[in-house]
Amino acid sequence: MAIDELLLRLAIAFVALLALTRLMGRKEISQMTFFNFVSAISIGTIGASLAVDPSFSIRNGLIALVGWTVFTILLGFLDIKSKTARYAIVGNPIIMIRKGQIMEHALRKARLDLDSLNSLLRKKNVFSISEVDYAILETDGSLSVMKKESKQPVTKSDMNRKQPATEVFPIPMAVILDGKVNDDHLKSLNLDRGWLNQQLEFSGIHSIEDVFYAEVQKDGTLYIDTNNDRLH
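Residues numbered from 1 in each chain as written. Predicted model: local features only at pLDDT ≥ 70, side-chain atom pairs only at ≥ 80, totals over all residues. Heavy atoms only, no water.

Comments concerning the packing of helix H4 (residues 58-81) against helix H5 (residues 83-90)
Phase 1: Put simply, H4 and H5 touch, their axes get as near as 6 Å, and they point 125° apart. As the angle between them shows, H4 and H5 are arranged oblique. Read as a crossing pair, H4 and H5 show a hand that is left-handed. For the pair formed by H4 and H5, the contact residues are Leu75, Leu78, Asp79, Ile80 and Lys81 on the first element and Lys83, Ala85, Arg86, Ile89 and Val90 on the second. (Axes fitted to C-alpha atoms, helices over the stretch in contact; angles between N-to-C directions. Helix = DSSP H or I, 4+ residues; strand = E, 2+ residues; numbered from the N terminus. Parallel < 35°, antiparallel > 145°, perpendicular 65-115°, else oblique. Left-handed = near helix turned anticlockwise from the far one by under 90°. Contact = heavy atoms within 4.5 Å.)

Written out as structure tokens, the structure is:
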């Protein structure tokens, strides 16, 4: 491919991509749903082929770019106008935690594990699942979190009448994940299975397998989320 042809292709691809992405709107960047991701990857691939692949004619490249853009815009209108189409294209938000309870079936549906859920919570400055009243996985992959009322930020007037709980440990730490004990975390907290079993007994739980998630709080108490699949 000659230099002048390559420069022409690069210029056409750049201008076409810039114009078409502006035409599709800012949602492509600000709300990257699965559909938006596929659309962006496909348009980028077509643009790259138009720029550097001599077997791909400029005419066919522009037709492919315009055609994919029109297809994306039409689906965008369907997304706005039809709830059924919206569900088919981008899906629905998924409630991961409801009234403080982890929804195990929702984790499986979203293909998330507890470590991933905790990671998303930490990005929201939530370091303990026990602080969460509701957590919703949005269609763009972000997590919306509503803390329990008792865990909401305090006001100046609250500070005058509320005293912080005594902290025994620096951060909350999970000691049971998916019904399995994390002995490394117990050891790092200078705790053992005997202590864990005793705490479970106090809560009326006689088998570790009945626990989906358990977390030692800063004040030394144990937060427990039972395994709904086993109990029902």
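What follows continues from the structure just given.
Here we look at the pairing of strand S3 (residues 132-137)
Phase 1: Sheet topology note: the strand S1 (residues 94-98)/S3 ladder contains four bridges and is antiparallel. Looking across to S3, one finds that Ile94 is bridged to Leu137. (Pairing = 2+ DSSP bridges.)

Focus: the pattern of salt bridges
Phase 1: Following the criterion strictly, the structure yields three salt bridges and no others.
Phase 2: One salt bridge connects Glu131 with Lys147, and the closest N-O pair in it is separated by 3.9 Å. Of this pair, Glu131 sits in the loop between helix H7 (114-122) and S3 while Lys147 is found in strand S4 (residues 143-147), placing the two residues 16 residues apart along the sequence.
Phase 3: For Lys147, a relative accessible area of 23% gives the class partly exposed.
Phase 4: One salt bridge in this structure joins Arg193 and Asp183, with 2.9 Å as the shortest N-O distance. Residue Arg193 is located in helix H10 (residues 193-202), and its partner Asp183 is located in helix H9 (residues 183-188); the two are separated by 10 residues in the primary sequence.
Phase 5: According to the relative accessible area criterion, Arg193 is partly exposed, its value standing at 40%.
Phase 6: By relative accessible area, which is 38% here, Asp183 ends up partly exposed. (Salt bridge = Lys/Arg side-chain N within 4 Å of Asp/Glu carboxyl O. Buried < 20%, exposed > 50% of the residue type's maximum accessible area, 1.4 Å probe, protein only.)

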